[in-house]
Amino acid sequence: MTDMQPKTDRELFAFLDGLGISHSTKEHAPVFTVAESVSLRDEIPGGHTKNLFVKDKKDNYFLMTVEEHATVDLKTVHGIIGAASRVSFGKPEKLMEYLGVIPGAVTAFGVINDTAGKVKIIVDADLMAFDTINCHPLRNDATTSIGAKDLLRFIEATGHEPLVLKVTA
């Protein structure tokens, strides 16, 4: 991303529209954790996401998008995602630099800002069981619903290869 400004939710929606991808967005109070967002479940059906921005010792970055209640074993997931070593959480500065979002607003949609392809995106196979997947639209005071297959199409359109892998316990 370097000196470019991160894309806005409006630019994200225009990108989705340009791909002919149906999406809907619900505004709500800012949520920073899965626990804070649970109250929205009755209003927004589908699979809700948790996103883990991690790196290995060789500074390879990964974004894992999983179902909100799923557990990821950070001690072993490196073998599944192709990391060079065990992974640890990426720093907020790199999160902003590569995905254009702050902690609490991490989303699969962030790859729209990773024009240099620095981040490998992994979508958990269990999440793909949902017809609709819900993600923050680059900010944490709204939730955007999109079809599961359309999410993969969006990721591909950003120049990333979405890896659908079983990364959860």
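Refer to the preceding data block for the structure.
Residue numbers here run from 1 along each chain, matching the order of that chain's written sequence. Thresholds applied to this predicted model are a pLDDT of at least 70 for local features of residues and 80 or more for the giving and counting of side-chain atom pairs; totals over whole chains, interfaces and linings are not thresholded and use all residues. The side-chain numbers reported here are obtained from all heavy atoms of the structure, hydrogens and water having been left aside.

**Q** Mind showing me how you'd approach the environment of Gly82 here?
**A** Mapping Gly82 onto the fold places it in the loop between α3 (77–81) and β4 (88–89). Given the relative accessible area of 52%, Gly82 is considered exposed. Measuring from C-alpha to C-alpha, the distance between Gly82 and Thr71 comes to 18 Å, with 11 residues separating the pair along the chain. Put simply, DSSP H or I for four residues or longer makes a helix, DSSP E for two residues or longer makes a strand, and each gets a number counted from the N terminus. To sort residues, take the accessible area from a 1.4 Å probe on protein chains only and compare it with the maximum for the residue type: under 20% means buried, over 50% means exposed, and anything in between is partly exposed.

**Q** What am I meant to see in the nonpolar core here?
**A** Nonpolar side chains in soluble globular proteins tend to be buried together. Grouped together as the largest cluster of nonpolar side chains are 31 residues, with contacts concentrated most on Leu12, Leu16, Leu99, Phe109, Leu151 and Phe154. Sorting the residues of this core by element identifies α1 (9–18), β3 (61–67), α4 (92–99), β5 (119–124), β6 (132–135) and α5 (148–157) as the ones contributing at least two each. Sort the elements by how many residues they give to this core and α5 lands first, with five residues. Excluding residues that lie within four positions of it along the chain, Leu16 makes contacts with Ile21, His23, Phe109, Ile146 and Phe154. Among buried residues, the Ala, Val, Leu, Ile, Met, Phe, Trp, Tyr and Cys ones that are joined through side-chain atoms within 4.5 Å form a nonpolar core. Within the second largest apolar cluster, 14 residues are counted, among which are Met64, Ala70, Val87 and Ile122. In this analysis, two residues are considered to be in contact whenever any of their non-hydrogen atoms come within 4.5 Å of each other.

**Q** What's the story with a nonpolar patch on the surface in this structure? I'm lost.
**A** Patch criteria: residues need more than 30% relative accessible area and no salt bridge. Like-charged residues are merged within 9 Å; nonpolar side chains of Val, Leu, Ile, Met, Phe, Trp and Tyr are merged within 5 Å. Surface accessibility in these figures is a Shrake-Rupley result with a 1.4 Å probe; residues are shielded only by whichever protein chains are displayed. Any Lys or Arg side-chain nitrogen located within 4 Å of an Asp or Glu carboxyl oxygen qualifies as a salt bridge. A cluster of nonpolar side chains, namely Phe32, Met96 and Ile102, defines an oily patch on the protein surface of about 270 Å² accessible area. Among the secondary structure elements, Ile102 is positioned in the loop between α4 and β5. Taking relative accessible area as the criterion, Ile102 reaches 43% and is therefore assigned partly exposed.

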